[in-house]
Amino acid sequence: VLILAIESSCDETAAAVVKNGRDVLSNIIYSQIELHKLYGGVVPEIASRKHIEKINPVITAALDEANVTLEDIDAIAVTYGPGLVGALLVGVAEAKAISYAANKPLVPVHHIEGHISANYIENKDLEPPFLCMVVSGGHTHLVLVKDYGQYEIVGRTHDDAAGEAFDKVARAIGLGYPGGPKVDKLAKEGNSDAITFPKAHIQGAPLDFSFSGVKSAVLNYLNECHMKNIEVNRADVAASFQKAIVDVIVEHTMKAAKEYHIKKVALAGGVASNSALRGAMEEACSRRNIQFYRPSPLLCTDNAAMIGAAGYYDYMNGKRAGLDLNAVPNLKIGEKA
Ligand code: ATP
Ligand code: MG
Ligand code: FE
């Protein structure tokens, strides 16, 4: 089964051709990062306009690189939420047009289920059930993947997402956008035990997260240094902040694995490419004889190959959308189209 997948939920215009959910024949990503850097974050209006400009060339390139035509494709999979509504609509409208013109079924895909499914691509042996820690720019979910297309959220953040915290702290120490990769890099030169930032726990919800406290603690620390005229060691701040985040994520994932008797743990989302998180999670898993999975960095951040992987299993499960498919900016995991 060949799926043409389209992704435009945020600031990446992407298309891919994926065979049987696991083999990526092409994965074209046009990233708008350079465009949004100027503003220190994604500007929705600019993102939509750029998607319009890039979507056709990106899809053509994906078909060309896979060496297939629309005739060979079995279904069109498209991200319809969650994300920026104007950005999502570009991909959704495009997918509907292709589906209608080429007479191919349309499969609506949840963006976060796509992030999770990125793990199937390089781990051909990975099958549900497994536990997936989703740490992306807008989401922090501890997800029990019970079966293909069957998800249960067992932990979530009460405020900021992990990626959001990285981006905000990066801005505060002057690293620019997107901050996650820059904090990761700078932290390698710092001492993670230099400053103790609080690790917030939610009372009565041991698998949930709160990252706004850590972020505020970093801002307070920077203010205090400024007022007392103490020079800030930015590498130490980056390393200590990163440790506070990583420790909690690993701790809660291990707690959930124990509680649900799961011996397979995966990471997903942009922050899954964080080197400290990958290292700490790998170590924690190996100590407990848990099999550890994570996508390579290119498949952690937004791409269409992951939408093709999720879309394949949705397609096999009979999930379809009509030409009335709409973008759903706040779509919940496991929700019906
Ligand atoms: P969502 O998927 O929740 O809608 P998104 O698509 O914007 O949000 P992703 O593409 O999954 O998010 O990931 C982008 C986020 O990942 C950004 O917040 C970025 O800073 C973060 N990120 C990327 N690389 C790293 C890294 N090495 N360390 C920490 N964070 C990182
Ligand atoms: Mg992005
Ligand atoms: Fe994403």
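Residues numbered from 1 in each chain as written. Chains lettered and ligands numbered in written order. Predicted model: local features only at pLDDT ≥ 70, side-chain atom pairs only at ≥ 80, totals over all residues.

- The protein goes by tRNA N6-adenosine threonylcarbamoyltransferase in an unreviewed UniProt entry, where it is assigned to Coprococcus intestinihominis.
- The UniProt entry for the protein carries this comment under Catalytic activity (unreviewed entry): "L-threonylcarbamoyladenylate + adenosine(37) in tRNA = N(6)-L-threonylcarbamoyladenosine(37) in tRNA + AMP + H(+)".
- Of the protein, the UniProt comment under Subcellular location (unreviewed entry) reads exactly: "Cytoplasm". (UniProt positions renumbered as here; feature names shortened; annotations may be inferred.)

**Things to note about helix H2 (residues 44-66)**
Step number 1: Taking 1.5 Å per residue as the helical rise, H2 with its 23 residues ought to reach 33 Å, and the 31 Å between its terminal C-alpha atoms agrees with that figure.
Step number 2: Considering bend angle alone, the principal kink of H2 is centred on Lys-54 and spans about 40 degrees; proline Pro-57 follows within four residues of it.
Step number 3: Of the positions making up H2, those classed as buried are Ala-47, Lys-50, His-51, Lys-54, Ile-55, Val-58, Ile-59, Ala-62 and Ala-66.
Step number 4: The inward-facing, buried residues of H2 contact strand S1 (2-7), strand S2 (12-19), strand S3 (23-31), helix H1 (33-37) and helix H3 (85-102).
Step number 5: Count one or two residues on from H2 and you reach Asn-67, which has phi positive near 60 degrees. (Helix = DSSP H or I, 4+ residues; strand = E, 2+ residues; numbered from the N terminus. Expected span 1.5 Å × (residues − 1). Bend = angle between axes of the 7 residues up to and from the residue. Buried ≥ 20, exposed ≤ 12 C-beta atoms within 10 Å, placed from the backbone. Contact = placed C-beta atoms within 7 Å.)

**Description of the sheet that holds strand S6 (residues 130-135)**
Step number 1: One open sheet accounts for 5 strands, arranged S8-S7-S6-S9-S10; its pairing is mixed. Only two strands of the sheet have a single partner each, and these edge strands are strand S8 (150-156) and strand S10 (291-293). Strand after strand, the sheet turns through a mean of 25 degrees between neighbouring axes, direction not considered.
Step number 2: Across 6 bridges, the pairing between strand S7 (residues 140-147) and S8 is antiparallel. Bridging across to S8, His-141 finds its partner in Arg-156.
Step number 3: In this fold helix H4 (residues 111-122) packs onto S6, S7, S8, strand S9 (264-268) and S10, with an angle of close to 125 degrees to the strand it touches most, S9. (Pairing = 2+ DSSP bridges. Axes fitted to C-alpha atoms, helices over the stretch in contact; angles between N-to-C directions.)

**Overview of the sheet that holds strand S5 (residues 106-110)**
Step number 1: If you walk across this open sheet you meet the 5 strands as S3-S2-S1-S4-S5, and the pairing is mixed. Of all the strands in the sheet, the pair left with one neighbour each is S3 and S5. Between one strand and the next, the sheet's axes are offset by a mean angle of 20 degrees, whatever the strand orientation.
Step number 2: Relative to S3, S2 is paired through 8 bridges, and the arrangement is antiparallel. Bridge pairing in S3 links Val-18 to Val-24.
Step number 3: Here H3 sits on the sheet and contacts S1, strand S4 (75-81) and S5; the angle it forms with S4, its principal contact strand, is near 155 degrees.
Step number 4: The strands that helix H11 (residues 305-316) touches are S1, S2, S3, S4 and S5; relative to S1, the one it contacts most, it runs at about 125 degrees.

**A word on unusual backbone geometry**
Step number 1: The residue after Pro-128, namely Pro-129, is reached through a cis peptide bond having omega 5 degrees.
Step number 2: Within the fold, Pro-129 resides in the loop between H4 and S6.
Step number 3: Residues Tyr-177 and Pro-178 are joined by a peptide bond in cis, for which omega reads -10 degrees.
Step number 4: Its identity is not glycine, yet Asn-67 carries a phi of approximately 60 degrees, on the positive side.
Step number 5: With respect to the helices, strands and loops of the structure, Asn-67 is situated in the loop between H2 and S4.
Step number 6: Owing to 10 C-beta atoms within 10 Å, Asn-67 belongs among the exposed residues under this scheme.
Step number 7: Backbone geometry places His-261, a non-glycine residue, at a positive phi of 55 degrees.
Step number 8: Here His-261 is to be found in the loop between helix H8 (234-259) and S9.
Step number 9: Residue classification places His-261 among the exposed residues on the basis of 7 C-beta atoms within 10 Å.

**Remarks on the site of ligand 1**
Step number 1: Around ligand 1 sit 24 residues, and of these Gly-137, Gly-138, Gly-163, Gly-180 and Gly-270 come closest.
Step number 2: Listing elements by their share of the shell around ligand 1, those giving two or more residues are H4, helix H5 (162-172) and helix H6 (179-187).
Step number 3: With 4 residues, the top contributor of residues to the shell around ligand 1 is H6.
Step number 4: Its residues assigned to classes, the shell around ligand 1 comprises 5 nonpolar, 16 polar and 3 charged. (Near = placed C-beta within 6 Å. Nonpolar A, V, L, I, M, F, W, Y, C, P; charged D, E, K, R; others polar.)

**So, the UniProt feature "domain: Gcp-like" (unreviewed entry) in the protein**
Step number 1: UniProt feature "domain: Gcp-like" (unreviewed entry): in the numbering of this structure it lies at residues 24-308.
Step number 2: Helix makes up 49% of residues 24-308 and strand 17%, with an end-to-end C-alpha separation of 8 Å.

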